[in-house]
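# Descriptive structure summary
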Amino acid sequence: PPPHLIEAAQKAMRDGHNGYLPSPGIPAAREAVANDYTNRGVPTTPDRVLITTGTSEGIDLAMNALVDEGDEVLVPLPTYPMYTAIIAKIGAQARYYRTDPNNGWQPDIDHLRSLITPRTRVLVMIDPNNPTGAVYSTTTRRALIDVAEEHGLTIIADEVYGDLGFDGPVPLLSTLRSEEHTSELQSLAYLVCR
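Here is what the cut-offs are and how they apply
- Residues numbered from 1 in each chain as written.
- Predicted model: local features only at pLDDT ≥ 70, side-chain atom pairs only at ≥ 80, totals over all residues.
- Heavy atoms only, no water.
- Helix = DSSP H or I, 4+ residues; strand = E, 2+ residues; numbered from the N terminus.
- Rg over C-alpha atoms; globule rule 2.2 N^0.38 Å.
- Contact = heavy atoms within 4.5 Å.
- Areas by Shrake-Rupley, 256 points an atom, 1.4 Å probe, with all protein chains shown as cover.
- Lys, Arg positive; Asp, Glu negative; His and termini not counted.
- Charge placed at Lys NZ, Arg CZ, Asp CG, Glu CD.
- 1 Å grid on protein atoms, 1.4 Å probe; cavity = no way out; pocket = protein on both sides within 12 Å on 5 of 7 lines; lining within 4 Å.
- Points joined across faces, edges and corners; volume = space filled by probe spheres on them.
- Core = buried A, V, L, I, M, F, W, Y, C linked by side-chain atoms within 4.5 Å.
- Buried < 20%, exposed > 50% of the residue type's maximum accessible area, 1.4 Å probe, protein only.
- Salt bridge = Lys/Arg side-chain N within 4 Å of Asp/Glu carboxyl O.
- Pairing = 2+ DSSP bridges.
- Right-handed = clockwise from strand over helix to strand, strands pointing away.

### Some words on the overall build of the protein chain
- A count of helical and extended segments in the protein chain gives six helices and eight strands.
- Here the C-alpha atoms of the protein chain give a radius of gyration of 18 Å, agreeing with the 16 Å that 2.2 N^0.38 yields for 194 residues.
- For the protein chain, the spread of C-alpha atoms along the principal axes amounts to about 60 × 40 × 30 Å.
- Long-range contacts, defined as pairs at least 24 residues apart, comprise 62% of the intrachain contacts of the protein chain with a sequence gap of at least 6.
- Looking at the protein chain as shown, the accessible area adds up to about 10200 Å², and 54% of this sits on carbon and sulfur atoms.
- When the 15 basic and 25 acidic side-chain charges of the protein chain are each reduced to a single mean position, those positions are 2 Å apart.

In structure tokens form, the structure reads like this:
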């Protein structure tokens, strides 16, 4: 690590800042995330933000809060494998919706709709997508929101690469969605529950 980080860590330890932190994260960090969301058009309060030790922990927390054994989760294919691992750990079932390589890897909304059953609880949306790199069009994003709202699904919006879109930052999904029921994951490893 760079010398200034080593010095900062040493100073923090000397000043007594080396114990357990609040489970949801340091209040100043949660406030900063809430302010960032608010500045990006999604009014958010710090009590809706959890700072995690990595995005994988955020995925795990969100899935365990929303999904029970036997429930179903809609997951894009191809997908980031952490989702399927956590779904399997819970004893739930991943239902894979197609993305079309001939259409810029956009989700096949009709196929997605055909997978929904009374046990479906969550729609995972990875945008920009890992592993394809696809950035979903506004039309596709609105269609995913419509499906979720029509069927009472919570969206887990994995927006970890949102600031790295090929054409610039991708707007937060919540800027398009008036309903609450969205959990968003960002690359600084925080989870925003709406």
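### Some details on the layout of surface pockets
- Size it by volume and the largest pocket reaches roughly 240 Å³.
- Taken together, 13 residues line the largest pocket, and the ones lying closest to its centre are P22, S23, G25, I51 and T52.
- For the lining of the largest pocket, the elements supplying multiple residues, two or more each, are β1 (49–51) and α3 (55–66).

### Overview of the nonpolar core
- L74, L112, L123, M125, L144 and I155 are the most contacted members of the largest nonpolar core, which totals 19 residues.
- Listed by contribution, the elements that provide at least two residues to this core are α5 (109–115), β5 (120–126), α6 (138–151) and β6 (154–158).
- When residues in this core are grouped by element, the largest group, five residues, is from α6.
- The contacts of L74, once residues within four sequence positions are left out, are R95, Y97, L112, L115, I116, T120, V122, L123, V124 and L153.
- V73, A92, A94 and I126 belong to the second-largest nonpolar core, a separate cluster that totals 17 residues.

### Quick word on the pattern of salt bridges
- Under the defined criterion, the tally for this structure stands at ten salt bridges.
- A salt bridge links R40 to D36; its shortest N-O distance comes to 3.1 Å.
- For R40, a relative accessible area of 27% corresponds to the partly exposed category.
- Judged by relative accessible area, which is 29%, D36 ranks as partly exposed.
- The residue R141 makes a salt bridge to D127 at a minimum N-O spacing of 2.8 Å. Of this pair, R141 sits in helix α6 while D127 sits in the loop between β5 and α6, placing them 14 residues apart in sequence.
- Using a relative accessible area of 3% as the deciding quantity, one classes R141 as buried.
- Relative accessible area serves as the criterion here: at 1%, D127 is assigned to the buried category.
- Each of the salt bridges in this network shares a partner with another, and the network as a whole consists of D71, R119 and R121.

### Some points on unusual backbone geometry
- Of note, the amide linkage connecting L77 to P78 takes the cis form, showing an omega dihedral of 0°.
- Within the secondary structure, P78 sits in the loop between β2 (72–77) and α4 (81–90).
- Put simply, D127 and P128 share a cis peptide bond, and its omega is -5°.
- Along the chain, the position of P128 falls in the loop between β5 and α6.

### Remarks on the environment of L164
- Tracing the backbone shows L164 in the loop between β6 and β7 (182–186).
- Overall, the relative accessible area of 62% leaves L164 in the exposed class.
- The spatial distance from the C-alpha of L164 to the C-alpha of V42 is 19 Å, given a sequence separation of 122 residues.

### Comments concerning the pairing of strand β3 (residues 93–100)
- One ladder, built from six bridges, connects β2 with β3; its direction is parallel. What sits directly across from V75, in β3, is Y96.
- Traced from β2 through α4 to β3, the parallel crossover comes out right-handed.
- Relative to strand β4 (residues 106–107), β3 runs antiparallel, the two sharing two bridges. Within the sheet, the bridge partner assigned to D100 lies in β4 and is Q106.

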